[in-house]
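Okay, here's what each chain looks like letter by letter:
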Amino acid sequence: MAVLITYVKESFEELKNNVSWTPWPEAQRLTVIVAVFSIIFSLAIWGVDTVFSRAVKAYFDFLN
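Draft legend 1. Local environment of helix H1 (residues 2-17). Taking 1.5 Å of rise per residue, the 16 residues of H1 would be expected to cover 22 Å, and the 22 Å separating its terminal C-alpha atoms lies within 8% of that figure. A small share of H1 lies buried, amounting to zero of its 16 residues.

Draft legend 2. Broad picture of a nonpolar patch on the surface. Nonpolar side chains collect at one region of the surface, where Met1, Leu4, Ile5, Tyr7, Val8, Phe12, Leu15, Val19 and Trp21 lie side by side and expose about 990 Å² of accessible area between them. Locating Leu15 in the fold gives a position in helix H1.

Draft legend 3. Local environment of the environment of Val3. With respect to the secondary-structure elements, Val3 resides in helix H1. Along the sequence, Val3 and Glu26 sit 23 residues apart, while their C-alpha atoms lie 37 Å from each other.

Draft legend 4. Structural context of the environment of Gly47. Tracing the chain through its elements places Gly47 in helix H2 (residues 24-63). Note on Gly47: relative accessible area 24%, which makes it partly exposed. Gly47 sits 27 residues away from Ser20 along the chain, and the two C-alpha atoms are 40 Å apart.

The rules behind each value
- Within every chain, residues take consecutive numbers counted from 1 along the sequence as written.
- Whole-chain, interface and lining totals are the exception, using all residues; otherwise, since this is a predicted model, local features are given only for residues with pLDDT of at least 70 and side-chain atom pairs are given and counted only at 80 or more.
- Side-chain figures throughout are based on the complete set of non-hydrogen atoms in the structure, without hydrogens or water.
- Here a helix means four or more residues in a row that DSSP labels H or I, a strand means two or more in a row labelled E, and each is numbered from the N terminus.
- By this rule the span expected of a helix is its residue count minus one, scaled by 1.5 Å.
- Summary of the burial criterion: residues with accessible area below 20% of their type's maximum are buried, those above 50% are exposed, and those between are partly exposed, where the area comes from a 1.4 Å probe applied to protein chains only.
- Two distance rules govern patches: like charges are joined within 9 Å, and nonpolar side chains (Val, Leu, Ile, Met, Phe, Trp, Tyr) within 5 Å, applied only to residues with over 30% relative accessible area and no salt bridge.
- Every accessible area reported is derived by Shrake-Rupley at a probe size of 1.4 Å, with residue values counting cover from the shown protein chains alone.
- Salt bridges, as used here, are contacts in which a Lys or Arg side-chain nitrogen is within 4 Å of a carboxyl oxygen on Asp or Glu.

So, in structure tokens, the structure goes:
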């Protein structure tokens, strides 16, 4: 158990002292960019899925 506590303490110390963090304004800007592109990409996938779904449905309706 002591090894685990030491590991956690050393991990937090490493994060505080040795990691270079992105400045807060840049992190916010990049988060907004990722969110916007995620929404755009999900809408594009939804659109393609809708088109293919209708095409497959039309194909099977045509067969019957």
